[in-house]
Amino acid sequence: MAQTAFVDFNTVGEYTNNFNPWNDVGGANGGGYSFEESTNDGVGGSGGVAVYQSTDMTATYKSGSWNLATNGATVIVSLLIYTDGQTGNKVQLGVANSDANGLNANAGVNFESFRFVPTGATSWPLFV
């Protein structure tokens, strides 16, 4: 059965109400969060989530779940990343079995992810 979730951050509280933040410090949540929501941080002044410091940070969607254990199950995720061209920061998008942890190899956490590592204003290699 198909399920859909849509979050565009154009309404105040969409990040806070739909995502659990996780700052991994040795397998525990350190609380040093680096994301902030704004209704005008996105493309063309639309809503978005800004990264304001470089820490090991995950925001996991908590307002729904999907059972991908069925043979042949698929997931389609669409995401727009708007960047200022700085290098050194990474963007990682993944699917995990827990909304109370990050994309880390912590006990009981399984995930698959794709990591974008910018090497310049126009080069964003993809790592699986």
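Computed from a predicted model, the values in this text were never measured in an experiment.

(A) Broad picture of the overall build of the protein chain. Across its full length, the protein chain holds 1 helix and 8 strands. Along the protein chain, helices (α) and strands (β) appear in the sequence α-β-β-β-β-β-β-β-β when read from the amino end. A buried classification covers 21% of the 128 residues belonging to the protein chain. Carbon and sulfur atoms provide 51% of the accessible area of the protein chain, an area that totals close to 8600 Å².

(B) View of the sheet that holds strand β5 (residues 57-61). The 3 strands lie next to each other as β2-β1-β5, forming an open sheet whose pairing is antiparallel. Each edge of the sheet is formed by a strand with only one pairing partner; in this case those strands are β2 (28-29) and β5. In the sheet, strand β1 (residues 19-25) pairs with β2 via 2 bridges, with the strands oriented antiparallel. Directly across from Val 25, in β2, lies its bridge partner Ala 28.

(C) Spotlight on the packing of aromatic side chains. In total, this model carries 5 aromatic pairs according to the counting rule given. Residues Tyr 15 and Phe 19 carry aromatic rings whose centres are separated by 5.8 Å and whose planes lie at 15° to one another, so their mutual orientation is stacked. With respect to burial, Tyr 15 and Phe 19 carry one shared label: buried. The interplanar angle of 70° and the centroid separation of 6.4 Å between the aromatic rings of Tyr 15 and Phe 35 together place this pair among those described as edge-to-face. Of this pair, Tyr 15 sits in helix α1 (residues 14-18) while Phe 35 is found in strand β3 (residues 35-38), placing the two residues 20 residues apart along the sequence.

(D) Quick look at the environment of Ala 59. Among the secondary structure elements, Ala 59 is positioned in strand β5. You can call Ala 59 partly exposed: its relative accessible area is 26%.

(E) Representation of a nonpolar patch on the surface. A grouping of Trp 66, Leu 68, Val 75, Val 77, Leu 79, Ile 81 and Val 95 is seen on the molecular surface, where their side chains present a nonpolar patch of about 570 Å² in accessible area. Here Val 75 is to be found in the loop between β5 and β6 (91-96). For Val 75, a relative accessible area of 45% puts it in the partly exposed group.

(F) How the structure looks around the environment of Trp 124. With respect to the helices, strands and loops of the structure, Trp 124 is situated in the loop between β7 (111-116) and β8 (126-127). Classification of Trp 124 as partly exposed rests on a relative accessible area of 24%. Trp 124 sits 33 residues away from Val 91 along the chain, and the two C-alpha atoms are 9.7 Å apart.

(G) Geometry of the confidence of the model for the protein chain. Mean pLDDT for the protein chain: 84, with 87% of residues reaching 70 or above. No element of the protein chain has a lower mean pLDDT than β8, at 68, and none a higher one than α1, at 94.

Cut-offs applied
Residues numbered from 1 in each chain as written. Predicted model: local features only at pLDDT ≥ 70, side-chain atom pairs only at ≥ 80, totals over all residues. Heavy atoms only, no water. Helix = DSSP H or I, 4+ residues; strand = E, 2+ residues; numbered from the N terminus. Buried < 20%, exposed > 50% of the residue type's maximum accessible area, 1.4 Å probe, protein only. Areas by Shrake-Rupley, 256 points an atom, 1.4 Å probe, with all protein chains shown as cover. Pairing = 2+ DSSP bridges. Phe/Tyr/Trp six-rings, centres within 6.5 Å; stacked < 30°, edge-to-face > 60°. Patch = residues over 30% accessible without salt bridge, like charges linked within 9 Å, V, L, I, M, F, W, Y side chains within 5 Å. Salt bridge = Lys/Arg side-chain N within 4 Å of Asp/Glu carboxyl O. pLDDT = per-residue confidence, 0-100.

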